[in-house]
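Reading the structure
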Amino acid sequence: MNKELSSMHPKPEANRLIGPTDWHAIDWHKAFRLLKNLRSRIFRAAQEGDYKKVRSLQKLIRAAGRLRSYANRVTSVRRITQLNAGKNTPGVDQVVVRTARERQKLVEELRQHQPWTAKPTRRVYIPKANGKRRPLGIPVIKDRCLQTMVVQALEPEWEAKFEASSYGFRPGRSCHDAIERIFRYARPDSRRKWVVDADIKGAFDHIDHLFLLQRIGRFPAKRLLEQWLKAGYLEANVVYPTDSGTPQGGSCSPLLANIALHGLEQAMGMTYQYGGGRTQTCGPRRVVRYADDFLVFYSTQEDAQQAVLLLRDWLKERGLALSGEKTRIVHLTDGVDFLGFNVRQYPSRNTRTGLKTLIKPSRTTVQKIRDRLRAEWLGLKTQRVDVIVKRLNPIIRSWSNYFRTGVA
């Protein structure tokens, strides 16, 4: 790897730099390829159960906070300071990185900084659909970059373990993949017509730290993860401790949440059989999860009610609980909302079963886009037509692109 890095930067030594990084001279194609190859090796080793090799490959971060993989370091800085939507959002230190010179300096600081001490996150609030506000914890830029580097090492190991029914915040998976799987489970000839529409109450804010750290095991950067979990948050110039949860807004939070919620299929008795080039799903229940929202399909209402009790015990071990106002048991003929879509079985004379499954935008989603377009229109009613079109088209196009897979 050092030989390959030699052309990516003029002065490498032991996969580290002697002089300052020239941001404009970095060979990004090579950096991405090196990082992808390293992640692929971690993934394959985890699949084979060779965790000695996994830990060896994951040792990108030393106890002193120095990163051995130069490719990982520069790509993480690029992602946080150039590509992410929150690149101009500062943490508690009010520092943002906008220029190439500042990025070069940040790359060097990430290599040389020791010992590493995580800073508290900056607490901000964003509105939720139900009128409440969702708390976000915004780490400082340095912590965000280091979290991204840690995720690059930890994620491949867990991608080899994660369940097939999990779709949220995973590479190569999307909301549409989850909806496609739901469509297969909700087909008219399926016996599982009762659905538990489950929502975890404040999942990111209440995950048990001890349970999560035990799950992570002997990951080389485990102490860094613990620092970020325990760093606390700053609100109104007062630092508050965080005894549970992962701060939404951090680069590592989605992965940590998926790690904490891993095992739902096993809890519901869902298994797979492999043979003849095909994969067959077994067990009395079916699960589809996207982050902290999930649906579980059952054959009878009684089984669904019993499973809710089982789910409560399973979540309690993780410091979590079901949301009483959002969790409900419904029949597919009544319909269930998930990820903005409505999944429902309608009567049909032209099918063998007398039913037809349709997935379309939910009423709440349709009303929400109508309200937004109305607000935009009223705010632009004195503007020229071309200004109005330029403002409304991206909103309409993005909404249409998301819901085009359903029946609209």
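Residues take numbers from 1 onward in each chain, read along the sequence in its written order. Totals for whole chains, interfaces and linings use all residues, but because this is a predicted model, local features are given only for residues with pLDDT of at least 70 and pairs of side-chain atoms are given and counted only at 80 or more. Hydrogen atoms and water are omitted, and side-chain values are computed over all heavy atoms in the structure.

The chain carries the name Group II intron reverse transcriptase/maturase in an unreviewed UniProt entry, which gives Spirosoma utsteinense as its organism. Per UniProt, the chain carries the Sequence similarities (unreviewed entry) text "Belongs to the bacterial reverse transcriptase family." UniProt positions are given in the numbering used here, feature names are shortened, and annotations may be inferred rather than shown by experiment.

The next point concerns the overall build of the chain. A tally of helices and strands in the chain yields 15 helices and 15 strands. Taken along its principal axes, the extent of the C-alpha atoms in the chain is 75 × 65 × 45 Å. The buried share among the 408 residues of the chain stands at 47%. For the chain, long-range pairs separated by at least 24 residues make up 68% of all intrachain contacts whose partners lie at least 6 apart in sequence. Summed over its atoms, the accessible surface of the chain is roughly 21600 Å², and 49% of this surface lies on carbon and sulfur atoms. By the criteria applied, helices consist of DSSP H or I runs no shorter than four residues and strands consist of E runs no shorter than two, each listed in order from the N terminus. Working definition: with a 1.4 Å probe on protein chains only, accessible area under 20% of the residue-type maximum means buried, over 50% means exposed, and in between means partly exposed. The contact criterion used throughout is that any non-hydrogen atoms of two residues lie within 4.5 Å. All accessibility values rest on the Shrake-Rupley procedure with a 1.4 Å probe; residue burial counts only the protein chains present in the view.

Right, let's talk about the confidence of the model for the chain for a bit. The quantity known as pLDDT measures the predictor's confidence residue by residue, on a range of 0 to 100. Residue-level pLDDT values for the chain average 88, and 92% of them are 70 or greater. Per-element confidence in the chain is highest for strand E14 (residues 341-347), whose mean pLDDT is 96, and lowest for strand E1 (residues 12-13), whose mean pLDDT is 40. The low-confidence segment residues 1-7 (pLDDT under 50) makes 13 contacts with residues lying over four places distant or belonging to another chain. Counting contacts from residues 62-67, a segment whose pLDDT is below 50, to residues more than four positions away or on other chains yields 21 contacts.

On to the nonpolar core. Membership of the largest hydrophobic core comes to 87 residues, with the highest contact counts inside it found for Leu225 and Trp228. No other element matches the nine residues that helix H6 (residues 141-159) contributes to this core. Ignoring anything within four residues of it in the chain, the contact list for Leu225 reads Val150, Leu154, Ile216, Phe219, Cys252 and Leu256. In terms of nonpolar packing, the next biggest core, distinct from the first, is built from six residues, Ile42, Ala45, Ala46 and Val54 among them. Residues enter a nonpolar core if they are buried and are Ala, Val, Leu, Ile, Met, Phe, Trp, Tyr or Cys, with the set joined through side-chain atoms within 4.5 Å.

What a helix is expected to span follows from its residue count: subtract one and scale by 1.5 Å. Helix length check: helix H15 (residues 385-403), at 19 residues, gives a terminal C-alpha distance of 26 Å against a target of 27 Å (1.5 Å per residue), a fit within 8%. Here the bend at a residue means the angle between the axes of two seven-residue stretches, the one that ends at it and the one that starts at it. Of all the bends in H15, the largest measures some 30° and sits at Leu392, one to four residues before the proline Pro394. Buried residues of H15: Ile388, Leu392, Ile395 and Phe403, and no others. As for H15, its buried residues are in contact with E14, strand E15 (355-361) and helix H14 (363-379).

The next point concerns the state of the cysteines. Note on terminology: disulfide denotes any pair of cysteine sulfur atoms within 2.5 Å. Applying the stated rule across the entire model yields zero disulfides. With no disulfide partner, Cys252 has as its closest neighbouring cysteine sulfur the one in Cys145, 13 Å distant.

For the rest of this paragraph, the subject is the pattern of salt bridges. Criterion for a salt bridge: a side-chain nitrogen of Lys or Arg within 4 Å of a carboxyl oxygen of Asp or Glu. A full pass over the atoms with the stated rule returns 13 salt bridges. Of the charged contacts in the structure, one is a salt bridge between Glu108 and Arg111, with a shortest N-O distance of 3.1 Å. Taken together, the positions of Glu108 and Arg111, both in helix H5 (residues 100-112) and three residues apart, correspond to about one turn of that helix. A single burial state applies to Glu108 and to Arg111, both of which are buried. Counted as one network, the salt bridges with shared partners bring together Arg55, Glu157 and Lys161.

Once that is clear, we can look at the packing of helix H2 (residues 28-47) against helix H3 (residues 51-58). Only C-alpha atoms enter the line fits that serve as axes; for helices the fit covers just the stretch in contact. Angles between N-to-C directions range over 0 to 180 degrees. Packing of H2 against H3 brings their axes to within 8 Å, and their N-to-C directions diverge by 160°. By the criterion of interaxial angle, the relationship of H2 to H3 is roughly antiparallel. In the crossing of H2 with H3, the sense of the turn from one axis to the other is left-handed. Across from Leu38, Arg41, Ile42, Ala45 and Ala46 in H2, the residues of H3 making contact are Tyr51, Lys53, Val54, Leu57 and Gln58. Residues are grouped as follows: nonpolar covers Ala, Val, Leu, Ile, Met, Phe, Trp, Tyr, Cys and Pro; charged covers Asp, Glu, Lys and Arg; every other residue, Gly included, is treated as polar. Considering only residue class, the contact of H2 with H3 consists of seven nonpolar, one polar and two charged. Working definition: roughly parallel below 35 degrees, roughly antiparallel above 145 degrees, roughly perpendicular at 65 to 115 degrees, and oblique for all remaining angles. Helix crossings are classified by the rotation of the near helix relative to the far one: an anticlockwise turn of less than a right angle makes the crossing left-handed, while a clockwise turn makes it right-handed.

We now examine the pairing of strand E5 (residues 194-199). Burial within E5 is extensive, with five of its six residues counted as buried. The pairing criterion for strands is at least two bridges between them, as found by DSSP. Two strands pair when backbone bridges link them, and E5 and strand E11 (residues 293-298) are joined in this way by six bridges, in the antiparallel orientation. Across the sheet, Asp197 pairs through a bridge with Leu295, a residue of E11. Looking at chain direction, E5 and strand E12 (residues 328-331) are connected through four bridges and run antiparallel. Of the residues in E12, the one forming a bridge with Val196 is Ile329.

Before going further, it helps to spend a moment on the sheet that holds strand E10 (residues 286-290). Judged by pairing direction, the sheet is antiparallel, and its four strands sit side by side in the order E10-E11-E5-E12 without closing on themselves. Looking at strand neighbours, the two that pair on one side only are E10 and E12, the edges of this open sheet. Pairwise comparison of adjacent strand axes, ignoring direction, gives a mean angle of 20° for this sheet. Sheet strands in contact with helix H7 (residues 175-185) are E10 and E11, and its direction is about 165° off that of E10.

With that out of the way, let us pick up unusual backbone geometry. In this structure, Asn237 takes a positive phi of about 65° despite not being glycine. Structurally, the position occupied by Asn237 is in the loop between strand E6 (233-235) and strand E7 (238-240). Accessibility expressed as a relative area gives 74% for Asn237, which makes it exposed. In the Ramachandran plot, Leu339 falls in the positive-phi region, its phi being about 55° despite a non-glycine side chain. Here Leu339 is to be found in the loop between strand E13 (336-338) and E14.

To continue, consider H2. In this model H2 runs 28 Å from its N-terminal to its C-terminal C-alpha over 20 residues, within 8% of the 28 Å that 1.5 Å per residue would give. Every buried residue belonging to H2 is among Trp28, Lys30, Ala31, Leu34, Leu35, Leu38, Arg39, Ile42, Ala45 and Ala46, and all of these are buried. A distance of 3.4 Å separates the backbone nitrogen of His29 from a side-chain oxygen at the start of H2, and that oxygen is part of Asp27. Positive phi shows up at Gly49, right after H2, with a value of about 80°. Side-chain atoms alone can form a polar contact between residues adjacent in sequence; in general such a contact is a pair of N or O atoms within 3.5 Å, and within protein one must be able to donate a hydrogen while the other accepts it.

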